[in-house]
Amino acid sequence: MEDPVVFEEEAGTFSRLHPLERPKFGDLLTYARPGDTVHISEMFRPVRGTGHILDTLDVLHRDRLALRIHDGAFSAMDLTARPPRTGSCCPP
C-alpha cells in the first residue's frame, strides 16, 4: 500500500472560497485517479453549506472518487455511492 498523499491548508485559509476554487482541492483533483479515496477530517472543514456539499460530491462522483469523512455528522454515510443530485444508484 502506498503512503497517503496529503493536501492540507492552514486553518482559516481560503475559508470564504467555494471548495472547488481552493488551490489545494484543485491539486487533489489533479492528482487523484478513479478509484482513489479522498479522506476529510470533517465535512464542514472544506464546505460551508448544502450547495458546497452537493457541488463537491458531484465532482467527486464525476471523477469516480470515494469519500471518507472521519468525524462529525456525515462520518457514517457513504455520500459518493450515488450521484447526489439524481439519487440514481448507477453511474450513466
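The structure contained in this document is the topic of the report that follows.

Cut-offs used in this document
- Residues numbered from 1 in each chain as written.
- Predicted model: local features only at pLDDT ≥ 70, side-chain atom pairs only at ≥ 80, totals over all residues.
- Heavy atoms only, no water.
- Core = buried A, V, L, I, M, F, W, Y, C linked by side-chain atoms within 4.5 Å.
- Buried < 20%, exposed > 50% of the residue type's maximum accessible area, 1.4 Å probe, protein only.
- Helix = DSSP H or I, 4+ residues; strand = E, 2+ residues; numbered from the N terminus.
- Contact = heavy atoms within 4.5 Å.
- Expected span 1.5 Å × (residues − 1).
- Salt bridge = Lys/Arg side-chain N within 4 Å of Asp/Glu carboxyl O.

Description of the nonpolar core
Step number 1: By size, the foremost hydrophobic cluster in this structure holds 13 residues, and its most contacted members are Val-38, Leu-57, Leu-60 and Leu-67.
Step number 2: Contributions of two or more residues to this core are made by α1 (23-31), β1 (37-42), α2 (50-62) and β2 (66-71).
Step number 3: At three residues, α2 tops the list of elements feeding residues into this core.
Step number 4: Beyond its immediate chain neighbours, meaning those up to four positions away, Val-38 contacts Leu-28, Leu-60, Leu-65, Ala-66, Leu-67 and Arg-68.

Structural notes on α2
Step number 1: In this model, α2 (13 residues) spans 18 Å end to end at C-alpha, consistent with the 18 Å of a helix rising 1.5 Å per residue.
Step number 2: When we look at burial in α2, the residues that qualify are His-52, Ile-53, Thr-56, Leu-57, Val-59, Leu-60 and His-61.
Step number 3: On its buried face, α2 is in contact with α1, β1 and β2.

Some points on the environment of Leu-67
Step number 1: If you trace the backbone, Leu-67 turns up in strand β2.
Step number 2: Between the C-alpha atoms of Leu-67 and Thr-80, which are 13 residues apart in sequence, the distance is 6.2 Å.

Topic: the pattern of salt bridges
Step number 1: With the rule as written, the count across this model stands at one salt bridge.
Step number 2: In this structure, the salt-bridge partner of Asp-63 is Arg-62, at a minimum N-O distance of 2.7 Å.
Step number 3: For Asp-63, a relative accessible area of 21% puts it in the partly exposed group.
Step number 4: For Arg-62, a relative accessible area of 57% corresponds to the exposed category.

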